[in-house]
Amino acid sequence: MNSGRPGMVNKFKEGGPFKGTSFSDLLAGLIYVLIAASVLVFILWPSITIIVKSVYYDGQFTLVEYIKLFTQNKQLLLNSIFVSVVSTVLAVAIGLFVALFISHSQNRGKRLTFAVLLLTMISPPFVSALSYIMLFGRRGIITYYLMGLTVNPYGWHGVVIMQALSHASLAALIILGVLRGIDKSLEQASLDLGADSLKTLLKISIPLAKPGVIAAALIAFIQSLADFGTPAIIGGNFSVLATEAYMNVIGMYNLPRAAAMGTLLMIPALLMFIIYRRTVENSKYFSLRVSTESPLKLSRGVNYSLALITISFISFQLIQYITILWGAFAKTWGVDFSFSLRHIQAVEASRLAAFGRSLEYALIAALVGTLLGMIIAYMIERKKFPGYRILDFLVTLPYMIPGPFLGIAYVLAFHNKPLILTGTAFIVVVNCIYRQLPISTRAGTAVLTQLNPETEYSARDLGASEITVFKDIILPSLKPAFLLGFVNTFTTTMTTIGAIIFLVVPGAEVATVQMFTTIKTGQIGVSTVLANMIILVTLAINLVFSYFILRSPKYGGSEKREGAYVPAIDGIK
């Protein structure tokens, strides 16, 4: 009887050059090789290309573009780091307060708070900047109509505030996931030893949430570095590297300069990621376990403070979305607020086509990308072939680098032979797939580490092929990871712009690019219509998909399973 160890296969037909190997297992091996090769082509090759392009000009090695950036355009790098650091600190601080409000306070409104946090996850990238103009612009409701002020809202302060408020929701969700896993008996022991609730939060709860805080800071920092839309819309004369990189590709077609800017964007992001990994690995934490202890009871002062900050944040978020909804039906924003359908009627066929294109790209990227992530997770966690650690690193790489870097890299890597893809829909979809691949892969790996492989070994002993094992045993067990990967990839593809704005061509734009264009040209009403369309459709698809996959017997939805595992993705959105 076979031992069932990995690598053991059933007996196969005699003869042929592949004696002892079934056609099914050969096909599985070929799939693994092709997937590994695709990671090299669509992640490693573009990354190498952009770095090479930044230091080679006319076939010669040169650092002239970097010299220009550090002499003539040094302020761009300083601006990027400045707004990223400040907005990250603010975002994490707000996120921590909101997370503590949901996990520890005795106030009402926790469900509404959580729902608003989730709503912000499906919003287009320019909702905050658009609502900022509508609320605080020269004809804004708050500044002009309520306060009677005519102020200039554009500048670094607007960029920092909007980036911080935009990233605070994700920071809160990440930190909340860690706080909910803290052993409550540790907090209770602190109280029993004489510490008050504030000291317990500062000495026990927040230090235990350190992995979530650091992960939230990493993501907020990388997203701020990659954000060119907010500075382009409300930055005024304040420019950052991401904005200038976009102008050098789209406006001046100066690819060497854009490549150097993209590489500079990557360097602080990678440094931040290295700091994050080392800090987490070198830190000592209590093991988390399920506790029957009641939550920490906060003092009235701490409770009210958390409530005040959270209510202020959630209120502003709700005002943003009410403003966006109102803007779609206001006749002329800032002048005539009467009800009108003119902006909906002004959504031309080309913009509807762009919206349909976004939906099509998002569905394809979500289905293909999530399945690809599950297979790669299986390859890394179960097969452990030679070089699997390298594959794991390459799959994680898109998570560590800003979107504009990968967008410019794709332009440089695929506009010449042997693989000319620029200007096609394929390159946009592929970019979205591999940009979000780390999420699906990490989700799948997290689930597989919790599964006992003995069932897989038994299936092989009974004659099951590699494909059958994956299809009938592994994939159904990956239901939580598949759901997370699909929702994340679909939502991000519908709302992203950081990388794909470099890849779309006139006449083949997606909805977010159309929205960016309408905001830049001052078409506030039309841009709010597009924003509402993106939000509603993204929300609907996510809810429908989640409902069907969670209830489907094929994925275990009708079975009661103890110890159901919901993966934590190391702080990845």
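You'll find the structure just up there.
Residues numbered from 1 in each chain as written. Predicted model: local features only at pLDDT ≥ 70, side-chain atom pairs only at ≥ 80, totals over all residues. Heavy atoms only, no water.

Draft legend 1. Examining the overall build of the protein chain more closely. Summing up its helical and strand segments, the protein chain has 25 helices and four strands in all. The proportion of buried residues among the 573 residues of the protein chain is 53%. The contacts in the protein chain between residues at least 6 apart in sequence include a share of 79% that link residues at least 24 apart. As displayed, the protein chain offers around 26500 Å² of accessible surface, 65% of which is attributable to carbon and sulfur atoms. (Helix = DSSP H or I, 4+ residues; strand = E, 2+ residues; numbered from the N terminus. Buried < 20%, exposed > 50% of the residue type's maximum accessible area, 1.4 Å probe, protein only. Contact = heavy atoms within 4.5 Å. Areas by Shrake-Rupley, 256 points an atom, 1.4 Å probe, with all protein chains shown as cover.)

Draft legend 2. Looking closely at the side chain of S87. You can see S87 is positioned in helix α3 (residues 74-104). Residue classification places S87 among the buried positions, given a relative accessible area of 0%. Within the structure, S87 has its side chain in polar contact with the side chain of Q163 (distance 3.4 Å). Residues in contact with S87, not counting those within four places in the same chain, are V160, Q163, A164 and S224. (Polar contact = N/O pair within 3.5 Å; in protein donor to acceptor, adjacent residues only side chain to side chain.)

Draft legend 3. Fine view of the pairing of strand β4 (residues 336-339). Pairing between strand β3 (residues 330-332) and β4: two bridges, direction antiparallel. Across the sheet, residue T332 finds its bridge partner in β4, namely D336. Connecting β3 to the antiparallel partner β4 that follows it, the hairpin turn spans three residues, and G334 within it adopts a positive phi of roughly 90°. (Pairing = 2+ DSSP bridges.)

Draft legend 4. Broad picture of the packing of aromatic side chains. Applying the stated criterion to the full structure yields 24 aromatic pairs. Between W326 and W333, the aromatic rings sit 5.1 Å apart at their centres with planes inclined by 80°, giving edge-to-face as the arrangement. Given the relative accessible area of 38%, W326 is considered partly exposed. The exposure class assigned to W333 is buried, which follows from its relative accessible area of 16%. Considering the side-chain rings of F329 and F339, the 5.6 Å spacing of their centres and the 10° angle between planes classify their relative orientation as stacked. Note that F329 is positioned in helix α14 (residues 300-329) and F339 in strand β4, a separation of 10 residues in sequence. F329 gets classed as partly exposed once you look at its relative accessible area, which sits at 27%. Taken together, F42, Y410, F414, F426 and Y434 form an aromatic cluster joined through their ring pairs. (Phe/Tyr/Trp six-rings, centres within 6.5 Å; stacked < 30°, edge-to-face > 60°.)

Draft legend 5. Just the environment of V151, in detail. When you line up the elements, V151 lands in the loop between α6 (141-146) and α7 (156-179). With a relative accessible area of 30%, V151 lands in the partly exposed category. Residues V151 and R139, 12 residues apart in the sequence, show an inter-C-alpha distance of 9.0 Å. When neighbours within four sequence positions are excluded, V151 is seen to be in contact with F136, R138 and T143.

Draft legend 6. Examining the nonpolar core more closely. Of all hydrophobic cores here, the largest spans 170 residues; its most connected members are I376, Y410, Y434, M515 and F516. Top element by residues in this core is α7. It accounts for 14 residues. For Y434, the residues in contact, after removing those within four places along its chain, are S38, V39, F42, I43, L372, P398 and Y410. (Core = buried A, V, L, I, M, F, W, Y, C linked by side-chain atoms within 4.5 Å.)

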